[in-house]
Amino acid sequence: MGARRGLTRARRLVLKVGSGLITSPGEGLDAKRIKALAGDIAALVAEHREVALVSSGAIAAGIARLGLTSRPRSIPEKQAAAAVGQSALMWHYEQAFKRHGIKVGQVLLTSQDISDRGRYLNARNTLLALLDFGVLPIVNENDTVAVDEIKVGDNDNLAALVAHLIDADLLVLLTDVDGLYTGDPRRDPSARRIETVEAVTDEIRKLCFDEVGRVSVGGMATKLEAAQKAGASGIPMVIASGREPGTLGRLLKGEPLGTHFLPRDDRLAARKRWIAFAVPPQGRLTVDAGARKALTERGKSLLPSGVVGVQGEFSAGEVVALAEPDGQEFARGLVNYDAGELRKIRGAKTSEIEKVLGYKGLAEVIHRDNLVVLSGPGGC
Ligand code: GLU
């Protein structure tokens with residue numbers, strides 16, 4: 001309950017609502033639900049809390065407006081649906097918040113706006129200026145231009161990145177289910193809601209997969225990714241049901257609703273957060289067990305001798321993922337060598353680098369200051 005009480009002090013929060021909550025199948029946006037949501041958010045604003053809303057629903061709304069019977073398959077059609085739906089979405093929010101005297105501002109982002117440092121700062125400044133004006137930013141992915149390569153891909157992760165951008169105190173994902181369960185509550189009567197998650201471990205991650213092993217239940221996989229991203233920056237996250245009105249207010253009074261993900265204590269510095277989450281890795285290094293231990297338990301840098309495999313084509317200065325031979329990614333870092341150089345020096349002793357490459361390079365493949373451990377001791 002102590003950690004829950006901490007939520008009552010959240011002054012700046014990011015709230016994400018999924019398409020399922022604000023649209024009805026085949027009929028598009030559900031004005032009644034949007035009104036109810038606006039009422040709940042207005043109550044938080046009245047308590048002098050700052051809220052940024054990340055709302056899905058553009059594509060679902062567009063499909064209904066265009067009279068399509070199913071989700072379009074082609075990218076241009078999906079993007080056209082998003083264009084039509086996004087303006088309808090904002091129109092509904094405008095109307096709903098106007099009744100509470102709240103102005104809204106639309107912010108559409110792609111992953112490039114977050115991975116490029118300059119654009120990241122620009123997006124951050126805009127969001128903070130909106131909050132300063134007392135405007136409620138309503139964020140979505142810029143679905144009309146974003147194709148897979150430049151997409152965050154889902155609004156759970158986008159919401160976590162927005163929480164980073166504005167240094168939020170809390171991230172709340174409102175969804176169809178009232179939290180993370182020990183099993184699939186639709187099929188397993190003994191499944192119970194987990195009230196608190198201290199760290200997103202492999203055991204927790206397993207809970208998002210059903211017995212087939214691949215199908216995500218209620219979109220939980222992306223929610224756990226969001227919890228990990230938020231937690232790494234010291235931001236707690238709650239998954240709660242958006243179906244019952246008043247949930248938000250009750251959560252912020254410290255009631256034990258939904259699932260509360262505790263943040264990690266050693267909040268990552270902004271630069272490390274950027275390395276860990278904002279930039280998609282350009283390649284992957286496989287390291288041996290000794291190197292993993294040195295990196296995760298002893299805070300060492302990665303040396304060429306610990307690298308056993310190099311995948312992908314990347315340049316020095318780019319972000320790569322680190323994994324053990326079993327394939328589980330456990331860290332990310334800014335690499336000092338390009339992929340071709342690393343293929344030559346992998347496994348070599350530091351004293352051999354010059355002989356192998358023909359020039360004197362840095363001793364570390366990834367310096368500890370540029371390395372972020374994601375799981376294992378000290379991970380998130
Ligand atoms: N950006 C998408 C939309 O507004 C939704 C993505 C998601 O829900 O994760 O339709």
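Our structure's up above, just so we're on the same page.
First, a word on scope: everything that follows refers to the structure included in this document. (Residues numbered from 1 in each chain as written. Predicted model: local features only at pLDDT ≥ 70, side-chain atom pairs only at ≥ 80, totals over all residues. Heavy atoms only, no water.)

**Brief notes about the nonpolar core**
Counting 53 residues, the largest nonpolar core has Val 14, Leu 109, Ile 166, Leu 171 and Phe 261 as its most contacted members. Breaking this core down by element, the ones donating at least two residues are β4 (50-55), β5 (104-109), α7 (117-132), α8 (155-165), β7 (170-175), α10 (220-232), β9 (237-241) and α12 (270-278). With 7 residues, α8 is the largest single contributor of residues to this core. Each residue touching Leu 171, except ones within four places of it in the same chain, is listed here: Val 14, Ala 159, Ala 160, Ala 226, Ala 230, Ile 235, Pro 236, Met 237 and Val 238. Judged by nonpolar contacts, the second largest core, of 37 residues, contains Ala 42, Leu 89, Met 90 and Leu 257. (Core = buried A, V, L, I, M, F, W, Y, C linked by side-chain atoms within 4.5 Å. Buried < 20%, exposed > 50% of the residue type's maximum accessible area, 1.4 Å probe, protein only. Helix = DSSP H or I, 4+ residues; strand = E, 2+ residues; numbered from the N terminus. Contact = heavy atoms within 4.5 Å.)

**Some thoughts on the site of the ligand**
If you check the shell around the ligand, you find Ser 56, Gly 57, Ala 58, Ile 59, Asn 140, Asp 143, Asp 154 and Asn 155 and nothing else. One of the backbone N or O atoms of Ala 58 is found 3.0 Å from an oxygen atom in the ligand. Measuring from an oxygen atom of the ligand, one finds a side-chain N or O atom of Asn 140 at 2.8 Å. Surface burial for the ligand is 81%, taken as the share of its 300 Å² of free accessible area covered by protein chains. Looking at the shell around the ligand residue by residue, the classes come out as 2 nonpolar, 4 polar and 2 charged. (Near = heavy atom within 4 Å. Polar contact = N/O pair within 3.5 Å; in protein donor to acceptor, adjacent residues only side chain to side chain. Areas by Shrake-Rupley, 256 points an atom, 1.4 Å probe, with all protein chains shown as cover. Nonpolar A, V, L, I, M, F, W, Y, C, P; charged D, E, K, R; others polar.)

**Re α8**
Every α-helix winds through 3.6 residues per turn, so residues three or four apart in the chain are directed the same way. Counting buried positions over the 11 residues of α8 gives 11, a clear majority of the element. For α8, the set of buried residues is Asn 155, Asp 156, Asn 157, Leu 158, Ala 159, Ala 160, Leu 161, Val 162, Ala 163, His 164 and Leu 165. Its side-chain oxygen placed 3.0 Å from the backbone nitrogen of Asp 156, Asp 154 serves as the N-cap of α8. Just beyond α8, the residue with positive phi is Asp 167, at close to 50°.

**Remarks on a positive patch on the surface**
On the surface, Lys 293, Arg 298, Lys 300 and Arg 368 cluster together to form a positively charged patch. Take Arg 368: it is sitting in the loop between α15 (353-357) and β15 (371-373). (Patch = residues over 30% accessible without salt bridge, like charges linked within 9 Å, V, L, I, M, F, W, Y side chains within 5 Å. Salt bridge = Lys/Arg side-chain N within 4 Å of Asp/Glu carboxyl O. Lys, Arg positive; Asp, Glu negative; His and termini not counted. Charge placed at Lys NZ, Arg CZ, Asp CG, Glu CD.)

**What about the sheet that holds strand β1 (residues 12-17)?**
Two orientations exist for strands paired in a sheet by backbone hydrogen bonds: parallel and antiparallel. Read across the open sheet, the 8 strands follow the order β5-β6-β4-β1-β7-β9-β10-β8; overall the sheet is mixed. Looking at which strands have only one partner, the edges of the open sheet turn out to be β5 and β8 (196-197). Judged from the 6 bridges that link them, β1 and β4 form a sheet pairing that is parallel. Across the sheet, residue Lys 16 finds its bridge partner in β4, namely Val 54. (Pairing = 2+ DSSP bridges.)

**Some remarks on unusual backbone geometry**
One non-glycine residue, His 48, lies in positive phi territory at about 65°. Here Asp 167, not a glycine, exhibits a phi torsion of approximately 50°, which is positive.

**What about the packing of helix α3 (residues 31-46) against helix α5 (residues 75-98)?**
In the contact formed by α3 and α5, the axes pass within 9 Å of each other and the chain directions differ by 50°. Classified by the angle their axes make, α3 and α5 are oblique. The two elements α3 and α5 cross, and the hand of that crossing is right-handed. Contacts between α3 and α5 involve Ala 31, Ile 34, Lys 35, Leu 37, Ala 38 and Ile 41 from the former and His 92, Tyr 93, Ala 96 and Phe 97 from the latter. Broken down by class, the residue content of the contact of α3 with α5 amounts to 8 nonpolar, 1 polar and 1 charged. (Axes fitted to C-alpha atoms, helices over the stretch in contact; angles between N-to-C directions. Parallel < 35°, antiparallel > 145°, perpendicular 65-115°, else oblique. Left-handed = near helix turned anticlockwise from the far one by under 90°.)

**Structural notes on the sheet that holds strand β14 (residues 329-334)**
Reading across the sheet, the 5 strands line up as β12-β11-β13-β14-β15 and stay open at both edges, with mixed pairing between neighbours. Each edge of the open sheet is held by one strand with a lone partner, namely β12 (307-311) and β15. Averaged over neighbouring strand pairs, the angle between their axes works out to 25° when direction is ignored. Looking at chain direction, strand β11 (residues 283-287) and β12 are connected through 4 bridges and run antiparallel. Residue pairing in the sheet places Val 287 in a bridge with Val 307 of β12. Where α12 meets the sheet, its contacts fall on β13 (319-323), β14 and β15, and the angle it forms with β14 comes to roughly 120°.

**Observations concerning empty space enclosed by the protein**
A complete count under the given rule lists 1 cavity of 30 Å³ or more for this structure. Space inside the largest cavity adds up to approximately 50 Å³. Ile 114, Tyr 120, Leu 161, His 164, Ala 270, Arg 273, Trp 274 and Ala 278 are the residues that line the largest cavity. For the lining of the largest cavity, the secondary-structure elements that each account for two or more residues are α8 and α12. Here the lining of the largest cavity gets 4 residues from one element, more than from any other, and that element is α12. For the lining of the largest cavity, the per-class residue count stands at 6 nonpolar, 1 polar and 1 charged. (1 Å grid on protein atoms, 1.4 Å probe; cavity = no way out; pocket = protein on both sides within 12 Å on 5 of 7 lines; lining within 4 Å. Points joined across faces, edges and corners; volume = space filled by probe spheres on them.)

**Focus on the environment of Pro 189**
Among the structural elements, Pro 189 can be located in the loop between β7 and β8. A residue is classified by how much of its surface remains accessible, and Pro 189, at 83% relative accessible area, is exposed. As for Pro 189 and Ala 129, which are separated by 60 residues in sequence, their C-alpha atoms are 48 Å apart.

**With respect to the pattern of salt bridges**
The tally for this structure, following the rule as stated, stands at 14 salt bridges. The salt bridge involving Lys 16 is made with Asp 156; its shortest N-O contact spans 2.9 Å. Here Asp 156 lies in helix α8 and Lys 16 lies in strand β1, a separation of 140 residues in the sequence. Relative accessible area serves as the criterion here: at 7%, Lys 16 is assigned to the buried category. We classify Asp 156 as buried; its relative accessible area is 3%.

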